[in-house]
Amino acid sequence: MNPPRLALWLAERLIDQRVREAVVGDFIERFQTSPSRWWFWRETFLAIAHFPARPRLWHSRGDGIVTGFVEDIGRAARTLRRAPAFTLLCAVTLGTGIGAATAIFSIADPIIIRPLPYADPDRVYVVWESDQNGDRNNVGFATYTDVRGSATTLAAAAALGNWQPVLNHNGTAEQLSGGRVSWSYFRTLGVHPALGTDFDSEDDAPARRNVIILSHQLWRTRFGGDSGLIGSFADISGTQMRIAGVMPPDYDDVLMPGAQIWRVLGYDATLPYACRSCRHLRMVARLKTGTSFAAARAELNGISARLVLDNPKDYPAPGFQLVQLQHEATREVRPALGALLAAVVLLLVIAAVNVSGLQLARAFQRDEEFAIRAALGAGGGRLTRQLLAEGLVLAAVAGVVGLVVAKVGLIELVSRLPATVPRLAAVQLDLRALALTGIVTLAAGIVVGLTPLWHARRRGLALSLRGGRRLAGTPHRLRGALVVSEVAVAVVLLAGAGLLARSLFAVLSVNGGFDPAEAATVAVQVSGPRYDDSATVLVWHDQLLAAVRAVPGVENAAIANQLPLGGGFDSYGIQAEDKPLANPELAPSADEYRVTTGFLQTMHIPVVDGRDFTDADNAAQGPPVAIVSRSLARRIWGEERALGKRVHMGEDNRPWYTVVGVAGDVHHRGLDVRETMQIYVPTHRWFFTDNAVDVVVRTSGDPARVLGALRRAVLEPDRGTVITRLATLAEVRARSTAQRTLAFALFGVFAAIALLLAAAGLFGALAGAVAERFREIGLRSALGATPGDIVRLVLRQGLGLTAAGAAIGLVAVLAGAGAIRTLLFGVGTRDIVTFLGVTLAVAAAAALASVVPAWRAVRVDPIAALRAE
Amino acid sequence: MLGEFEQLILMAVLRAGDAAYGIPIHAELLRRTGRDPSLASVYKTLERLEHKGFLSMRTGAPTPERGGRRKQLYRVTNAGQKELRAALGAIRRMASGLDVGLEPS
């Protein structure tokens, strides 16, 4: 291991030379025997503090670089204070760019850039089964134990499932989100409880599984941060569970974002839900140190091949998929965050370009000031330093504005992000973000400061003095180039926003298959040993329905285990009696709804063939019945009629359900997800009953008005009921697109700012050009040019720059739009409507920006222009 | 007058013998007193003692494990030995007879 290069580089330069060699030599020698980078850095800083190198420049009189620069900064600050409007405009423009970049970076940093705060996070992988289509699947407990028992490349492995228990504490009931995990879970991730102990392998058995670990936040807020709590018992869903430990405050479970509580899984192979095809668990594994990913994958695939050979009816296809933990945890937000990062960089570029343009325009006005200073003996270097100082002071003000923008923006953004985004708790304006702001600010300052210099160099400073303003009419290629690049960047952002907008509208216009207007839902959960009895749960269902039906404004009500777009995951492979499959695992999977009579009617899901459920279908005797969705019927039976056919779900010992109806398809997992196969069965005819259900009501009039009464009504049957969601169906539907809406909104705001800046840049360039071509324009009018000719002259310049920028921008869009492909829906990356719209928007902005300069040009008085000569 | 840390450094230089440069001096301090000062503060003290004439310094040869950098080797001068003897004598006289568990048994 080598010493940290940056520290060494600093030490070689900043430690005074009288001890430098000896000290740095000692550092290196010591590092060979005990390599600690932290130690090296600490010692380096201390040595620099004790023996700072003293550059000669620092000491020299008057115009040493350092003292001279301090003077320059002071002069720059005075200069900028004399032009407050200009300074404010620049600071706000640049500050918006810096702030937006800092805010988005702060969000992206802990989520997709920084490694997870676990030990060796790159060795932790999520393990999925592969299905026949190459899609990923959860694992059954038996598969997990086989892999764990035989893999030699894994240092640890764990299975996990979601868990939504109810905490009864101090007389209140609260729904918690958490997980049931193998005892080895935290060891696999490489984390350890801060208080108490980790799970013990002994605990992970059906008889002893009532052991929990709390999140720091839950421990602090609900248990008062009492460390005497370890080893005591808490009432979780009506059962006394022993609190083994508390996780550290910064622990963030990326596999279950927002998890507050963990309980040992407590499975063994004899349990009915521990089978191979009971795929409701996720698996996570840590590779042994020194084992390559390829070796682990090869071994797991070997194990899989053997398992499939031994149990051909339990697996659709052989193979495991290993995905690195961070990649897995962030895969849903990664495309959007990446696109936003790119967008915000573009916004920053356009802001810097814009301010550079303003600074350049101002330099033209200050030609004489520079010329006089040059004539008085200021060398080129001196003027360079002054411009640089002005750029830096401007950027520093902008940096402060940027920090405010970033702070406010970050709070706003984080509050709008869905809680399912991992690592949200770690998002903050931290040192890394501040360092980035500093670097960006410095870079912007240098760019902004030195842009006018390019112009000055080209013109020759001395010329200015001799020629005064008359020579200022030289072609302004640089300013033109700035405008072109601004327009190009604006076009890229506008196209991105346009594509996202079209996608959002496409998603929102998807018919979900149910009617969200005038309907509301409340999700409720009851807990306690008495609900272990199915009959009690079914009575509770009836009481719930009676209570909500009594609410004024409620016309119809029903109960289901999950709702379309509601975030539920219950699905089963559906096997048809008349279409037997050699491998039942290849059966099509459908969303499984356990519903009370009247659910389809309440949701306005049409019955397209056969009939809806009736109360008679709840009878305990007789063959159970089911309703399938149209696409499920088509998938299994094609053109044949589904009615009267029998289907089967799950274990072999479960009954056959007779299809009595075909319903319209609904979008279950998202409006942008095309799979729409469902099966409905009566709550009374399923092999277990749900004590956590969604109640849905159809209302007459505004559904938001019944929410309050609904909340009170569902508490009537059991005061200990926990409400986990209360919303109109339209809100549920809108929430399913929240992430997409947010991404579009951000892109839209960035694009709007970019367009505004580009238009402002164009306006500045044209106004400057008109002012400088004052004489030429006057001469043209004197020689007979009509006002139309003059307007055309200005417009030609403006539209020429715009067209060039738009062309470059569109080429960039065509080349780069693939980057946001995964965010698009119902629209291609080469969407002509979007491109036309973008072009029109840019053209309109350019025309607006040209109006005032053109009007000014027309008003140039030829006499005055000629006299000015 | 010698400060306490200066005394410790002088004795560490004596103990390190011919190879008295930063690392061994620091190692002696750590091993015998449990103190882990930064190398920079060790050098600061060495420099001060050299300035007072209690240490002399010469530049050693470069070695590969130091990335080819030379050592600064220190030796206690006669003046340094005298000063150290005086300081330790004063401490011993002050401590003698006090029942604070200082006396060697």
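Given the structure is predicted, the values throughout are model-derived calculations rather than measurements. (Residues numbered from 1 in each chain as written. Chains lettered and ligands numbered in written order. Predicted model: local features only at pLDDT ≥ 70, side-chain atom pairs only at ≥ 80, totals over all residues. Heavy atoms only, no water.)

Caption draft 1: Broad picture of the overall build of chain B. Secondary structure assignment for chain B yields 4 helices and 2 strands. Ordering the α and β elements of chain B from the N terminus gives α-α-α-β-β-α. Projected onto the principal axes, the alpha-carbon positions of chain B cover approximately 50 × 25 × 20 Å. Taking the contacts inside chain B whose residues are at least 6 apart along the sequence as the reference set, 52% of them involve residues at least 24 apart. (Helix = DSSP H or I, 4+ residues; strand = E, 2+ residues; numbered from the N terminus. Contact = heavy atoms within 4.5 Å.)

Caption draft 2: View of the pairing of strand 20 (residues 646–649) of chain A. All names here are of chain A. For strand 16 (residues 571–576) and strand 20, the ladder comprises 3 bridges, and the chain directions are antiparallel. Paired with Ile574 across the bridge in strand 20 is Met649. Pairing of strand 20 with strand 21 (residues 657–663), which is carried by 2 bridges, proceeds in the antiparallel orientation. Across the sheet, Val647 pairs through a bridge with Tyr657, a residue of strand 21. (Pairing = 2+ DSSP bridges.)

Caption draft 3: The packing of helix 23 (residues 738–772) of chain A against helix 25 (residues 787–816) of chain A, seen in detail. Residues and elements named next belong to chain A. Packing of helix 23 against helix 25 brings their axes to within 10 Å, and their N-to-C directions diverge by 145°. Taken as a pair, helix 23 and helix 25 cross one another with a handedness that is right-handed. Where helix 23 approaches helix 25, its residues Leu762, Leu766, Ala769 and Val770 are matched on the opposing element by Val794, Gln797, Gly798, Leu801 and Thr802. A per-class count over the contact of helix 23 with helix 25 returns 6 nonpolar, 3 polar and no charged. (Axes fitted to C-alpha atoms, helices over the stretch in contact; angles between N-to-C directions. Left-handed = near helix turned anticlockwise from the far one by under 90°. Nonpolar A, V, L, I, M, F, W, Y, C, P; charged D, E, K, R; others polar.)

Caption draft 4: Representation of the environment of Glu675 of chain A in the model. Along the chain, the position of Glu675 of chain A falls in the loop between strand 21 and strand 22 (678–682). C-alpha separation for the pair Glu675 of chain A and Ala590 of chain A, spaced 85 residues apart in sequence, amounts to 8.7 Å.

Caption draft 5: Representation of the state of the cysteines in the model. All names here are of chain A. Within the structure shown, the criterion is met by 1 disulfide over all chains. Through a disulfide, Cys275 is tied to Cys278; the S-S separation comes to 2.0 Å. Of note, the bridge from Cys275 to Cys278 carries an S-S torsion of about 100° and is right-handed in sense. Cys278 carries the same exposure label as Cys275, and that label is buried. (Disulfide = S-S within 2.5 Å. Buried < 20%, exposed > 50% of the residue type's maximum accessible area, 1.4 Å probe, protein only.)

Caption draft 6: Highlighting the pairing of strand 21 of chain A. All names here are of chain A. Summarising burial for strand 21: 7 of the 7 residues are buried, a large majority. Bridging between strand 18 (residues 607–610) and strand 21 involves 3 bridges; their strand directions are antiparallel. Counterpart to Val607 in the pairing with strand 21 is Ala663. When strand 19 (residues 625–629) meets strand 21, the two strands line up parallel, connected through 5 bridges. Along strand 21, the bridge assignment pairs Ala626 with Val659.

Caption draft 7: Up close: the pattern of salt bridges. Residue and element names in this part refer to chain A. The tally for this structure, following the rule as stated, stands at 45 salt bridges over all chains. We note a salt bridge from Arg611 to Asp617, for which the minimum N-O separation is 2.9 Å. In this structure, Arg792 engages Asp789 in a salt bridge whose closest nitrogen and oxygen atoms are separated by 2.9 Å. In this pair, Arg792 and Asp789 are both assigned in helix 25, 3 residues apart and thus about one turn of the helix distant. Accessibility expressed as a relative area gives 32% for Asp789, which makes it partly exposed. Each of the salt bridges in this network shares a partner with another, and the network as a whole consists of Asp109, Arg114, Asp430 and Arg432. (Salt bridge = Lys/Arg side-chain N within 4 Å of Asp/Glu carboxyl O.)

Caption draft 8: Quick peek at the side chain of Asn311 of chain A. Residues and elements named next belong to chain A. Structurally, Asn311 can be placed in the loop between helix 10 (293–310) and strand 13 (320–324). The class for Asn311 is buried, based on a relative accessible area of 17%. There is a polar contact of 3.4 Å between the side chain of Asn311 and the side chain of Arg276. (Polar contact = N/O pair within 3.5 Å; in protein donor to acceptor, adjacent residues only side chain to side chain.)

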